[in-house]
Amino acid sequence: MNITIIGAGPIGCYCGNLLAKAGHSVDIYEEHKEIGNPIQCTGLLTADFDQFKLPKESFLVNTFSQIEVNSLHQTAIIKQKEYLVNRSRFDLFFADLAREAGAKIHLQHTFVRKEGDHIIIKDSKDNKELKLQPEVVIGADGPLSRTAKAYGFYHAKRINYQGIQALVEGKCNPQTYQTFFGTEICPDLFAWIVPESETKARVGLASTKDARKLFDTFMSNNNFSVLEMQAGMIPLYHPQQKLKQQNCYLLGDAAGFVKATTLGGIIPGMRQAQILADCLTSHKDYEKEIKTLKKRMDLHLKIRKILNKFKDEDWDKLLEIIKQPKMQKLLEQHTRENPLPLVIKALIKEPKLWRFGKFLF
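The structure displayed is predicted, hence computed values, not measured ones.

## Quick notes on the packing of aromatic side chains
So, point 1. By the definition in use, this model includes 19 aromatic pairs.
So, point 2. Aromatic pair Phe 310 and Phe 359: ring centres 5.2 Å apart, planes at 45 degrees, arrangement tilted. Residue Phe 310 is found in the loop between α7 (291-307) and α8 (312-322), and its partner Phe 359 is found in the segment after α10 (339-349); the two are separated by 49 residues along the sequence.
So, point 3. Judged by relative accessible area, which is 6%, Phe 310 ranks as buried.
So, point 4. The side chain of Arg 158 reaches across the aromatic face of Tyr 154, ending 4.2 Å from its centre.

## Points about the pattern of salt bridges
So, point 1. Applying the stated criterion across every chain, the model contains 14 salt bridges.
So, point 2. Residues Arg 146 and Glu 31 are paired through a salt bridge, measuring 3.3 Å at the closest nitrogen-oxygen approach. Here Glu 31 lies in the loop between β2 (25-30) and β3 (44-46) and Arg 146 lies in helix α3 (residues 146-150), a separation of 115 residues in the sequence.
So, point 3. Ionic contacts of the salt-bridge type, sharing partners, join the residues Arg 113, Glu 115 and Glu 129 into one network.

## Quick look at the sheet that holds strand β7 (residues 109-115)
So, point 1. With respect to topology, three strands assemble into an open sheet ordered β7-β8-β9, the strand pairing being antiparallel. Two strands close off the open sheet at either side, each with one partner strand: β7 and β9 (128-132). Mean inter-strand twist for the sheet, computed between neighbouring axes without regard to direction, equals 25 degrees.
So, point 2. In this structure, strand β8 (residues 118-123) lies alongside β9, joined through five bridges in antiparallel fashion. Counterpart to Asp 123 in the pairing with β9 is Lys 128.

## Focus: the pairing of strand β4 (residues 60-70)
So, point 1. Here nine bridges tie β4 to strand β5 (residues 75-85), and the two strands are oriented antiparallel to one another. Across the sheet, Val 69 pairs through a bridge with Ala 76, a residue of β5.
So, point 2. What sits between β4 and β5 in their antiparallel hairpin is a turn of four residues.
So, point 3. In terms of strand pairing, β4 meets strand β12 (residues 176-182) through five bridges, oriented parallel. Paired with Ile 67 across the bridge in β12 is Tyr 177.

## Examining α10
So, point 1. When α10 is considered as a whole, its buried residues turn out to be Pro 339, Leu 342 and Ala 346. Relative to the axis of α10, the buried residues are bounded by an arc of 65 degrees and lie together on one face.

## Remarks on the nonpolar core
So, point 1. Formed by 115 residues in total, the largest nonpolar core has its most connected members in Phe 49, Phe 94 and Ile 138.
So, point 2. No other element matches helix α5 (residues 266-282), which puts nine residues into this core.
So, point 3. Beyond its immediate sequence surroundings of up to four residues, Phe 94 is in contact with Pro 10, Cys 13, Tyr 14, Phe 49, Leu 54 and Met 270.

## Remarks on a positive patch on the surface
So, point 1. A contiguous patch of positive charge, built from Lys 157, Lys 302, Lys 305 and Lys 309, is present on the exposed surface.
So, point 2. Looking at the element boundaries, Lys 309 is found in the loop between α7 and α8.

## Re unusual backbone geometry
So, point 1. Asn 37 connects to Pro 38 through a cis peptide bond whose omega is 0 degrees.
So, point 2. A positive phi angle, close to 55 degrees, is found at Gln 246, a residue other than glycine.
So, point 3. Relative to the helices and strands, Gln 246 is located in the loop between β16 (244-245) and β17 (248-250).
So, point 4. Among the residues examined, Gln 246 registers a relative accessible area of 52% and is labelled exposed.
So, point 5. The backbone phi angle of His 283 is positive, close to 55 degrees, even though this residue is not glycine.
So, point 6. In this fold, His 283 is placed in the loop between α5 and α6 (286-289).

Calculation notes
Residues numbered from 1 in each chain as written. Predicted model: local features only at pLDDT ≥ 70, side-chain atom pairs only at ≥ 80, totals over all residues. Heavy atoms only, no water. Phe/Tyr/Trp six-rings, centres within 6.5 Å; stacked < 30°, edge-to-face > 60°. Helix = DSSP H or I, 4+ residues; strand = E, 2+ residues; numbered from the N terminus. Buried < 20%, exposed > 50% of the residue type's maximum accessible area, 1.4 Å probe, protein only. Lys NZ or Arg CZ within 6 Å of the ring centre and 35° of its normal. Salt bridge = Lys/Arg side-chain N within 4 Å of Asp/Glu carboxyl O. Pairing = 2+ DSSP bridges. Axes fitted to C-alpha atoms, helices over the stretch in contact; angles between N-to-C directions. Arc of directions from axis to C-beta. Core = buried A, V, L, I, M, F, W, Y, C linked by side-chain atoms within 4.5 Å. Contact = heavy atoms within 4.5 Å. Patch = residues over 30% accessible without salt bridge, like charges linked within 9 Å, V, L, I, M, F, W, Y side chains within 5 Å. Areas by Shrake-Rupley, 256 points an atom, 1.4 Å probe, with all protein chains shown as cover. Lys, Arg positive; Asp, Glu negative; His and termini not counted. Charge placed at Lys NZ, Arg CZ, Asp CG, Glu CD.

What follows is the structure, given as structure tokens:
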């Protein structure tokens, strides 16, 4: 098949790699003049990334052994192996994978519009428009996806978070990254301090409103020297979001395919890319094959809706429960990618968690 992918981020390029290896003709169009910039992501990955069996040497910055979770009056430590990557090198790694498999990447080429069965791509280098008629179009062009808009994927309930992050200098524990929860810190997500080394860290938060104000307040409460600022939009997953219309499919942020609990989208997006590539190659029903992954994303959203109703005392109580040895052992056995087994086992082991059931209504 002749397949066009809009967006040369890691999800688009990973899908391009899989499709090209399967024998398809793949062209990837990227609006920026270089891959990996601007940076709009913390670059934190759970150990579930290991399932893809990809070498990490070229883009790995740090490996964590634990997470420090903070509420207003409580601190809990969760033993978890996680990775921090250099997002520029990470993106370039996947672009190289796609090229090595035979996909062609066209930089400074922007999706402009849809005209009947054709799509129009603007070549910014030569200042001309290309009229293409691919058999399949894949939109992997981020939360403000032009592809999604052109193909009528947008719906009224589509919500984006504003993420703000700074690379800072300061004293850090490189084995631990920190998260901070509370109504004054970040009422609809959390703030983070993610060390690159003993002297540098990525510090930020994301919110649907007043993100800059919340970020400035958080920064003022910590003695950091800012080296670089980064910002970007992060979509909130919505179960009504369609993933296929006509001959067009959406991937990753363009589909809002991120975990609503943490706004992490790389691993869910890569799994989505695997499923889509397999369906296109093996002529499977994509809507059917993606159901299991969508159910997992649905659960993340339900958990997010519960957490958004928490007051500071609820966060304190939750962390008190998490600090118990039986809960610590359970949390060590599960990453946050698939919350279902963790939620079920936690509710069985600790009846006190049922007190948060009031937030379901």
